[in-house]
Amino acid sequence: MNDMTLTERAVNATENKITARNVQVYYGENHAIKDVDVDILDKTVTAFIGPSGCGKSTFLRCLNRMNDTIDICRVTGEILLDNEDIYDRRVDPVQLRAKVGMVFQKPNPFPKSIYDNVAYGPKIHGLTRNRAELDETVEASLRKAALWNEVKDRLTAPGTGLSGGQQQRLCIARAIATSPEVLLMDEPCSALDPIATAQVEELIDELRTNYSVVIVTHSMQQAARVSQKTAFFHLGHLVEYGDTDKIFTNPTDPRTESYITGRIG
Amino acid sequence: MSDATHSAPQKPAARSLHQLDTRTKRRNASETRFKVMGIAAISVGLAFLVLLLTTIILNGASAFQQTFINVPVYLDPAKIDKKGNRDPADLKKATTFTYAPLIQKGLLEVVEKAGLETDLSKAKELKNLISASAAAQVRDQVLADPALIGQTVDFKILASSRVDGYLKGRVHRDEIAKDKNINVAQLDLTDALLKAGVVHKGFNWNFIFGSDASDSRAEQAGLGVSMLGSFYMMLVVLVLALPIGVAASIYLEEFAAKNRFTDLIEVNISNLAAVPSIVFGILGLAVFISSPICRNPPHWSVVWC
Amino acid sequence: MPVFWIIAIMLALAVTGFAMGRAKALRSVGGDRRLLHSLPFYAGALIAMASFIPALIMLVLLLALQASSLLLAGATILAALVGFAISLRLISQDFRARNAVEAGVRALLIAAASVAILTTVGIVLSLIFNTIEFFGLYPASNFFLGMNWTPSFGGGSDLGILPLIWGTLYISFIALLVAVPIGLYAAVYLSEYASHPVRSIVKPLLEVLAGIPTIVYGLFALLTVGPFLMSIFGPNGPTAAIAENGWMHAGTAVMTAGLVMGIMLIPFVSSLSDDIINAVPQSLRDGSYGLGATKSETIKQVILPAALPGIVGAILLAASRAIGETMIVVLGAGAAARLSLNPFDAMTTVTAKIVSQLTGDADFASPEALVAFALAMTLFVITLCLNIFALWIVRKYREQYE
Ligand SMILES: Nc1ncnc2c1ncn2[C@@H]1O[C@H](COP(=O)(O)OP(=O)(O)O)[C@@H](O)[C@H]1O
Ligand SMILES: [Mg+2]
């Protein structure tokens, strides 16, 4: 990654993809996210950092309404995707999630073949008209996830038989296959070894040419390596949001500074 | 890198999230169908449960009521105590055949006194209204208290199972043409007696505490002894199965190493749970019934058989 | 009842032994329990066990061997006393009473676990001799391949098992046809859709169905379901227009028994499947929802395939229940052994015929009675194979997520 591209991309990506205003999340009585306002840019990697339990995953899951699957969870406020409120009554989360894909902390391939894992999304959303198109989508997704060369000879083998890093890239391929506009990743490398982590990080950097990527991470080095924008969460508040360089070199809020210098979290 | 490459609107088919496309509508419809199937399955299961319980209760509830007849019986000394000495040994010689006509006569007097209209003029013709157990009931009472002889005593005796069935809607007038145990005139009399309060229904305590009865006296049948049997059975099973079962599961969970023997035990245990009960029945037959112990039991074998 | 008194004496000895053992252990160190190898409790427990357990084994053995009551009492109490004396002598300061007690308890537990094996051996033994005797009187090939079942207690009967197996399988098939879809849909709904309160009420209610004695189901078949089916498929129902006299000629039929048995099996399928579906990791559900799948798509394409081996195991267990069921068949299916395709015909099963052959007045040595043992043996082998297969599948499934 050279400095030139980094600045260039950061400057070019000015369009808002997601706009959140005054978001509150409650788990029953527990107020987990408080007054969060944030603008997430298109074709940018945005990192959410913060101590454990501060609400990073919770906020991430608001962006594709995965919180709907938790009975006690209640979300208020406004979250716009391309200027459309995703919590509007008319929005079907099923359609939303096809546009906003998600990759989880632990690789979770389905107990199906590699091919069927990737083809799952396109099939349920009816994105391809015939088998040839589906084959194409699967291959393209696996290539984008930098997995094609490793699995092209064993597409019918079970996805659960891959190594941890390969499984996680398979899950990324699976998410890409529905041609989303935003990719949410919740600590995608925390279950991986350093080499697999490096591969996934490299992949994330490439993904940003096509998608808006939001990544939750525990590792500040990782945030610094892959993201252009960083948001620091603390106790449910969004404390500071800005260019990654600035957050790590010259934070405005004292809490951010304590966190990145290792005094809290 | 030019501006054109990353302008979002270039992406084709950027449909609004606020409009459901037809495919999503179809998928949601199929979702609803699936959910309805689940609810239907549960409803069917619960409906079967309700149906089962209601038919059992509806079919069984009438057994808790039984028809009785109030009859004053003149305990005629000339019939019961021919020698006139009230000696219990002699009294015992009078069988139920001696008592049955007395009861019938008593009932006929009730009918005549109440002025009920009936085609039945002889005491014998009333026999079918009265349970075969009534004579034994009267006799037992006389044997227990010989001083009653010579008096007219009020008895509450069981009605016959046909009369009981008629009042519970089990026996119908148009179906009894060939029935030797009841006829239309007797049913007419039953109705009249019911109105006069001589025949009445009451709670059937005997059903709960009594013992089994023969086919000819179905009205006398009770569950008590069978329930006692079931209870003992439960007790024996509990005493045998509980300690052995608990010990076996403690061993398998806490001590057993993962080896062939443990595997064998586990397969055996789960298999025994699925072996048809009839096969266990045959095991019982072979071990207990046809073993020499029980064919020729020594005195202590009560604990064994 | 001498047995009662013998056991009472044994118990008394055990209690005395416990007190004496404890006392002796304490005495051996002059009351300073820190010097003992094991706590005094173990010394007492050892003597109690040593005096009770060998005597109990002796008692059971002698009872089985029909010893006279004098020998019974004498030998048993002697065994108790010997165990008592030997173990009491062993107690000393350094005696490892705890290890001895633990070894004893372990042996007892193993013995309890082995009862299952003993019972299986007992079943096989009680069946095998009479089965062999039967095959001495009646050729095995006629038994296994015979198409006719016409036992006559006078002799010269046809004892082919095929009509009975056919009846058994046909009824079980109909039962599973009822139980599997209803049970599976119910399980899926309860584990994936139902709210917690609904689930906690409906699940136990459905399980009530499994707790009702089968004889009650038999009566239900005889009194309610049979007449109901007759009114539709019988001579007075709409099917009389298609076939002369309708399809059904009596209330007892394969359909009657199968339907009722199916109701009985619903909770079997639903409870087991529910447990298995719940064991599918939440991460798979999240993965599917995250891709924009609806709940039913997730269930059909991710959860059920993942749970399939376990569900198959559950269904096989239900099938072995259906094959071994007796009372529902006796009351609901009729008594005629028949090879027919019409589900409204009366047929009978292996279990029902075992009952009727053994409770008939045939001489116990005649093939008509002995055939019951051969039938039971066949049934035992079938359910055994089915169970081992089901267990194997369920275990494989468990390993997948462990
Ligand atoms: N499913 C849930 N049910 C109830 N509370 C939850 C749930 N998930 C998260 N929380 C609570 O919300 C807060 C934020 O959690 P989370 O978003 O997982 O934090 P992070 O990802 O930053 O570590 C925590 O206090 C946690 O206890
Ligand atoms: Mg988290």
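If you're wondering where the values come from, they're calculated on a predicted model, not measured in any experiment.

Undergrad: Talk me through the nonpolar core; I want residue IDs and the actual numbers.
TA: Core analysis: the biggest nonpolar cluster contains 102 residues, and B:Val279, C:Leu127, C:Tyr217, C:Ile354 and C:Leu375 have the highest contact counts within it. The element best represented in this core is helix α6 (residues 162–193) of chain C, accounting for 17 residues. Ignoring anything within four residues of it in the chain, the contact list for B:Val279 reads C:Ile123, C:Leu127, C:Ala376, C:Leu379 and C:Phe380.

Undergrad: Run through the domain arrangement of chain C, naming residues and quoting values.
TA: On domain assignment, one finds that chain C holds domain 1 (3–121) and domain 2 (149–398). For domain 1 of chain C and domain 2 of chain C, the distance between their C-alpha centres works out to 48 Å.

Undergrad: Residues and numbers for unusual backbone geometry, please.
TA: Residues and elements named next belong to chain A. At Asn 22, a residue that is not glycine, the phi angle is positive and equals roughly 55°. The residue Asn 22 is located in strand β1 (residues 16–27) in this model. Despite not being glycine, Arg 65 shows a phi value in the positive range, around 55°. Topologically, Arg 65 is positioned in the loop between α2 (56–62) and β4 (73–81). Since its relative accessible area comes to 11%, Arg 65 is described here as buried.

Undergrad: I'd like to hear about the sheet that holds strand β3 (residues 199–203) of chain B, residue by residue, with values.
TA: All names here are of chain B. Spatial ordering of the open sheet is given by β2-β1-β3, a layout of three strands whose pairing is antiparallel. The sheet is open, and its two edges are formed by β2 (152–158) and β3, each paired on a single side. The sheet shows a mean angle of 35° between the axes of neighbouring strands, taken without regard to direction. In terms of strand pairing, strand β1 (residues 65–74) meets β2 through seven bridges, oriented antiparallel. Bridging across to β2, Asn 70 finds its partner in Lys 156. Packed onto the sheet, helix α4 (residues 96–113) meets β1 and β2 and runs at close to 90° relative to β1.

Undergrad: Describe the site of ligand 1, and please don't skip the residues or the numbers.
TA: All names here are of chain A. In the vicinity of ligand 1, the residues found are Tyr 27, Asn 30, Ala 32, Ser 52, Gly 53, Cys 54, Gly 55, Lys 56, Ser 57, Thr 58, Ile 70 and Ile 72. Between ligand 1 and Gly 55, the relevant distance is 3.0 Å, taken from an oxygen atom to a main-chain nitrogen or oxygen of the residue. Separating an oxygen atom of ligand 1 from a backbone N or O atom of Lys 56 is a distance of 2.9 Å. Protein chains shield 63% of the accessible area of ligand 1, which is 550 Å² for the free molecule. Listed by contribution, the elements that provide at least two residues to the shell around ligand 1 are β2 (30–41) and α2.

Undergrad: Requested: an account of the packing of aromatic side chains, with residues and values cited.
TA: As enumerated under the stated definition, the model contains 27 aromatic pairs over all chains in all. Judged by centre distance (6.4 Å) and plane angle (50°), the ring pair of B:Phe34 and C:Tyr193 falls under tilted. With B:Phe34 in helix α1 (residues 22–61) and C:Tyr193 in helix α6, this pair bridges two chains. Here B:Phe34 matches C:Tyr193 in class, with each residue buried. Members of the aromatic cluster, joined through ring pairs, are B:Phe64, B:Phe203, B:Trp205, B:Phe207 and B:Phe209. Positioned over the ring face of A:Phe110 is A:Arg174, at 4.2 Å from the centre of the ring. The residue whose ring lies beneath A:Lys229 is A:Tyr241, and the NZ or CZ to ring-centre distance is 5.7 Å.

Undergrad: If you had to explain the environment of C:Ala179 to someone new, which residues and values would you point to?
TA: Residue and element names in this part refer to chain C. Its location among the elements puts Ala 179 in helix α6. The buried category is assigned to Ala 179, whose relative accessible area is 0%. When the C-alpha atoms of Ala 179 and Phe 268 are compared, they prove to be 8.4 Å apart, with 89 residues separating the residues in sequence. Ala 179 has contacts with Leu 184, Gly 262, Leu 265, Ile 266 and Val 269, leaving out every residue within four places of it along the chain.

Undergrad: Describe in detail a nonpolar patch on the surface, supporting the description with residues and values.
TA: On the surface, B:Leu228, B:Phe231, B:Tyr232, B:Met234, B:Leu235 and B:Val239 cluster together into a nonpolar patch covering about 630 Å² of accessible area. The residue B:Leu228 is located in helix α9 (residues 224–255) in this model.

Undergrad: Kindly report on the interface of chain B and chain C, identifying the contributing residues and their values.
TA: Each partner contributes residues to the interface: chain B has 56 residues there, and chain C has 70 residues. When the two sides are added together, the surface that chain B and chain C hide from each other amounts to roughly 5,600 Å², 79% of it contributed by carbon and sulfur. Inspection of the region where chain B meets chain C yields one salt bridge. Counting only elements with at least two residues in the side of chain B that touches chain C, the list comes to α1, α9, α10 (260–274), α11 (277–289) and α12 (292–295) of chain B. Considering every element that reaches the side of chain B that touches chain C, the biggest residue donor is α1(B), with 21 residues. Looking at the side of chain B that touches chain C, its residues break down into 40 nonpolar, eleven polar and five charged.

Undergrad: For helix α4 (residues 114–125) of chain A, give the residues involved together with the corresponding values.
TA: Most of α4(A) is tucked away, with ten of its twelve residues classed as buried. Residues A:Ile114, A:Tyr115, A:Asn117, A:Val118, A:Ala119, A:Tyr120, A:Gly121, A:Pro122, A:Ile124 and A:His125 constitute the buried set of α4(A).

Undergrad: Describe the pairing of strand β7 (residues 182–186) of chain A, with residues and values.
TA: Residues and elements named next belong to chain A. In terms of burial, β7 is largely enclosed, as five of its five residues are buried. Going residue by residue along β7, you find Val 182, Leu 184 and Asp 186 tucked away on one face and Leu 183 and Met 185 tucked away on the opposite face as well. Sheet topology places strand β6 (residues 100–103) next to β7; four bridges connect them, and they run parallel. Note on β7: the bridge partner recorded for Val 100 is Val 182. With five bridges joining them, β7 and strand β8 (residues 212–216) adopt parallel strand pairing. Counterpart to Leu 183 in the pairing with β8 is Val 213. Where the polypeptide runs from β7 across helix α8 (residues 194–207) and back to β8, its parallel neighbour, the crossover connection is right-handed.

Undergrad: Report on the confidence of the model for chain B, specifying residues and quantitative values.
TA: All names here are of chain B. Taken residue by residue, chain B gives an average pLDDT of 82. The fraction at 70 or more is 90%. Considering each helix and strand of chain B separately, the mean pLDDT is smallest for α12, with a value of 46, and largest for α1, with 93. Long-range and interchain partners of residues 292–305, a stretch whose pLDDT sits below 50, account for 27 contacts in this model, where long-range means more than four residues apart.

Undergrad: Pulling in residues and values, what's your account of the packing of helix α1 (residues 2–28) of chain C against helix α2 (residues 40–64) of chain C?
TA: Residue and element names in this part refer to chain C. As a packed pair, α1 and α2 sit with axes 6 Å apart at the nearest point and diverge in direction by 160°. Taken as axis vectors, α1 and α2 run roughly antiparallel relative to one another. Read as a crossing pair, α1 and α2 show a hand that is right-handed. Its residues assigned to classes, the contact of α1 with α2 comprises 21 nonpolar, four polar and one charged.

Undergrad: Describe the side chain of B:Asn204, and please don't skip the residues or the numbers.
TA: All names here are of chain B. Along the chain, Asn 204 turns up in the loop between β3 and α8 (205–209). At 3.2 Å, the side chain of Asn 204 forms a polar contact with the backbone oxygen of Ala 63. Of note is the side chain of Asn 204, whose polar atom sits 3.2 Å from the side chain of Gln 66. Among residues more than four places away in sequence, those in contact with Asn 204 are Ala 63, Phe 64, Gln 65 and Gln 66.

Undergrad: Would you mind going over the state of the cysteines in detail, with residue names and values included?
TA: Under the criterion given, the structure shown has zero disulfides over all chains. You can see A:Cys171 has no disulfide; the closest cysteine sulfur is in A:Cys189, sitting 12 Å from it.

Undergrad: Give me the environment of C:Ala374: which residues, what numbers.
TA: Residue and element names in this part refer to chain C. Mapped onto the secondary structure, Ala 374 falls in helix α14 (residues 367–401). For Ala 374, a relative accessible area of 2% gives the class buried. Spatially, the C-alpha atom of Ala 374 lies 23 Å from that of Ala 346, the residues being 28 residues apart in sequence. Among all residues touching Ala 374, those that are not within four sequence positions of it are Thr 131, Phe 134, Phe 135 and Phe 143.

Parameters and conventions
- Residues numbered from 1 in each chain as written.
- Chains lettered and ligands numbered in written order.
- Predicted model: local features only at pLDDT ≥ 70, side-chain atom pairs only at ≥ 80, totals over all residues.
- Heavy atoms only, no water.
- Core = buried A, V, L, I, M, F, W, Y, C linked by side-chain atoms within 4.5 Å.
- Buried < 20%, exposed > 50% of the residue type's maximum accessible area, 1.4 Å probe, protein only.
- Helix = DSSP H or I, 4+ residues; strand = E, 2+ residues; numbered from the N terminus.
- Contact = heavy atoms within 4.5 Å.
- Domains from an automatic or database assignment.
- Pairing = 2+ DSSP bridges.
- Axes fitted to C-alpha atoms, helices over the stretch in contact; angles between N-to-C directions.
- Near = heavy atom within 4 Å.
- Polar contact = N/O pair within 3.5 Å; in protein donor to acceptor, adjacent residues only side chain to side chain.
- Areas by Shrake-Rupley, 256 points an atom, 1.4 Å probe, with all protein chains shown as cover.
- Phe/Tyr/Trp six-rings, centres within 6.5 Å; stacked < 30°, edge-to-face > 60°.
- Lys NZ or Arg CZ within 6 Å of the ring centre and 35° of its normal.
- Patch = residues over 30% accessible without salt bridge, like charges linked within 9 Å, V, L, I, M, F, W, Y side chains within 5 Å.
- Salt bridge = Lys/Arg side-chain N within 4 Å of Asp/Glu carboxyl O.
- Buried area = accessible area lost by both parts, 1.4 Å probe.
- Nonpolar A, V, L, I, M, F, W, Y, C, P; charged D, E, K, R; others polar.
- Right-handed = clockwise from strand over helix to strand, strands pointing away.
- pLDDT = per-residue confidence, 0-100.
- Parallel < 35°, antiparallel > 145°, perpendicular 65-115°, else oblique.
- Left-handed = near helix turned anticlockwise from the far one by under 90°.
- Disulfide = S-S within 2.5 Å.

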